[in-house]
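Structural description and commentary
Listed here are the chains, written in short residue letters.
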Amino acid sequence: MQTVRLGRTKAVVSAAGLGCGGHSRLGMTRGASTEEASRVVSAAIDLGITFIDTARLYGTEEAVGLGVKGRRGEVFISTKASPTGGGPGRDGELITPQALTESLEGSLRRLGTDHVDLFNLHGVTLAHYDACVETLLPELKRQQAAGKIRHIGITEAFGADTRHAMLSRAMPEARFDVAMVGFNLLNASARRRVFPATQANDIGTLIMFAVRRALSHPDVLRDTVEKLLASGEVAAGAVDPADPLKFLREHPEIASEVEAAYRFCRHEPGAHVILTGTGSVEHLKANIAAINAPILPREVSLRLEAIFGAVESVSGN
Ligand SMILES: NC(=O)c1ccc[n+]([C@@H]2O[C@H](COP(=O)([O-])OP(=O)(O)OC[C@H]3O[C@@H](n4cnc5c(N)ncnc54)[C@H](OP(=O)(O)O)[C@@H]3O)[C@@H](O)[C@H]2O)c1
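A brief look at the structure comes next. As the structure is a prediction and not an experimental result, all values here were calculated from the model.

Rules behind the numbers
Residues numbered from 1 in each chain as written. Predicted model: local features only at pLDDT ≥ 70, side-chain atom pairs only at ≥ 80, totals over all residues. Heavy atoms only, no water. Helix = DSSP H or I, 4+ residues; strand = E, 2+ residues; numbered from the N terminus. Rg over C-alpha atoms; globule rule 2.2 N^0.38 Å. Contact = heavy atoms within 4.5 Å. Areas by Shrake-Rupley, 256 points an atom, 1.4 Å probe, with all protein chains shown as cover. Lys, Arg positive; Asp, Glu negative; His and termini not counted. Charge placed at Lys NZ, Arg CZ, Asp CG, Glu CD. Core = buried A, V, L, I, M, F, W, Y, C linked by side-chain atoms within 4.5 Å. Buried < 20%, exposed > 50% of the residue type's maximum accessible area, 1.4 Å probe, protein only. Phe/Tyr/Trp six-rings, centres within 6.5 Å; stacked < 30°, edge-to-face > 60°. Lys NZ or Arg CZ within 6 Å of the ring centre and 35° of its normal. Polar contact = N/O pair within 3.5 Å; in protein donor to acceptor, adjacent residues only side chain to side chain.

Further remarks concern the overall build of the protein. Secondary structure assignment for the protein yields 12 helices and 10 strands. In terms of overall dimensions, the protein is globule-like: its C-alpha atoms have a radius of gyration of 19 Å, near the 20 Å expected for 317 residues. In terms of principal-axis extent, the alpha carbons of the protein reach across some 55 × 40 × 35 Å. A separation of at least 24 residues holds for 76% of the contacts in the protein among residues at least 6 apart in sequence. Here the protein has roughly 12800 Å² of accessible surface; of this, 50% comes from carbon and sulfur atoms. Computing the positive centroid from 35 side-chain charges and the negative centroid from 36, the protein places the two 3 Å apart.

Our next topic: the nonpolar core. Ranked by internal contacts, the top residues of the largest apolar core, which has 101 residues, are Leu304 and Phe308. A per-element tally of this core places helix H4 (residues 126–145) first, with 6 residues.

Under the criterion given, the structure shown has 4 aromatic pairs. Geometrically, the ring pair formed by Phe51 and Phe76 is stacked, given 5.3 Å between the ring centres and 20° between the ring planes. One end of the pair, Phe51, is in strand E4 (residues 51–53); the other, Phe76, is in strand E5 (residues 76–81), with 25 residues separating them in the sequence. According to the relative accessible area criterion, Phe51 is buried, its value standing at 0%. On the numbers, 5.2 Å between centres and 90° between planes, the contact of Phe158 with Phe209 is edge-to-face. In this pair, Phe158 sits in the loop between strand E7 (149–156) and helix H5 (165–173) while Phe209 sits in the loop between strand E9 (204–208) and helix H8 (218–231), placing the two residues 51 residues apart along the sequence. The exposure class of Phe209 is buried, given its relative accessible area of 10%. The structure contains a cluster of three or more aromatic residues connected by ring pairs, namely Phe183, Phe195 and Phe264. Lying over the aromatic face of Phe209, Arg212 brings its terminal NZ or CZ to 4.0 Å of the ring centre. It is Arg303 that lies over the ring of Phe247; its NZ or CZ is 4.1 Å from the centre.

So, about the side chain of Ser82. Among the secondary structure elements, Ser82 is positioned in the loop between E5 and helix H3 (97–111). Engagement of the side chain of Ser82 in a polar contact is seen with the backbone nitrogen of Gly85, the distance being 3.0 Å. A polar contact is formed between the side chain of Ser82 and the backbone oxygen of Gly86, at a distance of 2.8 Å. What Ser82 contacts, discounting residues up to four positions off in sequence, is Leu57, Ile95 and His122.

Of the residues examined, Ser82 reaches a relative accessible area of 6% and is grouped as buried. Residues Ser82 and Gly123, 41 residues apart in the sequence, show an inter-C-alpha distance of 6.6 Å.

The next subject is unusual backbone geometry. A positive phi angle, close to 55°, is found at Ala174, a residue other than glycine. Along the chain, Ala174 turns up in the loop between H5 and strand E8 (178–182). Judged by relative accessible area, Ala174 falls into the buried class, the value being 18%. For Arg212, which is not glycine, the phi torsion reads 50° and is therefore positive. Mapped onto the fold, Arg212 is located in the loop between E9 and H8.

So this is what it looks like as structure tokens:
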């Protein structure tokens, strides 16, 4: 397993990180029990993963707690609280600092630990960013001083904020140690809008949406590309709308679109941990192999850039 330095946290963690949210939620979305989900977590550690991302909202903190039992020292745990209490990007009033601390205490209890390595404000929008900095960040710093949090992070609401409005504002200010960034071969706009500032300020990055649904479900990919052709972000004639990424599958050095999607993210300058969300140990093994595989062939990267380089309006959700 390859490792990476997570920016100024200076933590050295696996390049592949287990994402316990997304559409899969360790298989719990499809009905897996907490015990079954915890077995994906322990399998991940057996396979060399040392970075695990969860959140109160995912309902997977208990599974992570069970999966890391007796092995807490082997893993870097990241969890989150939403500044509004709702899902990423949700409107509404900011929670109080007290409610934030209660959320952290609940996470520690469910995870069965006395501290988390990274605590993130979850799915922050540009509209909420200033209030988060003024009201919630000081409280997180108090919890950090008390030893309950090692590092403080922020995650964007990429499903809605596909142009990175919040992180474009936040990263040059460098108030957070780590940022979770939406990035994939369909929308690589973080290359221009986010990574220059994270690199300049040594901010650690966690990559989400590497695959999501658009790159694991052919029908979602077709719908997504249809929208991009209609908006003009992808030029007419640049792809076959019926099978837009056929050229990836047909390349002798690429096994599948999913493999190409994780490789694409892994070798991006400025990308640190590549999160992979799954409820399947077989998928997890394949995804770890992809994240540890060499950079995509140059002609493939150039072709992806020529087709999708201007895309900013979709997340691949
Ligand atoms: N705003 C936020 O803070 C935010 C938002 C979204 C996500 N996240 C974090 O980022 C993590 C990564 O995002 P994500 O979970 O959407 O991850 P992802 O790795 O981009 O996509 C995961 C999806 O692809 C499928 N998949 C995975 N491997 C596959 C394979 N080899 N073949 C076919 N399908 C495969 C999974 O289903 P299977 O279960 O069938 O494998 C799942 O539906 C999340 O788990 C969460 O921790 C944070």
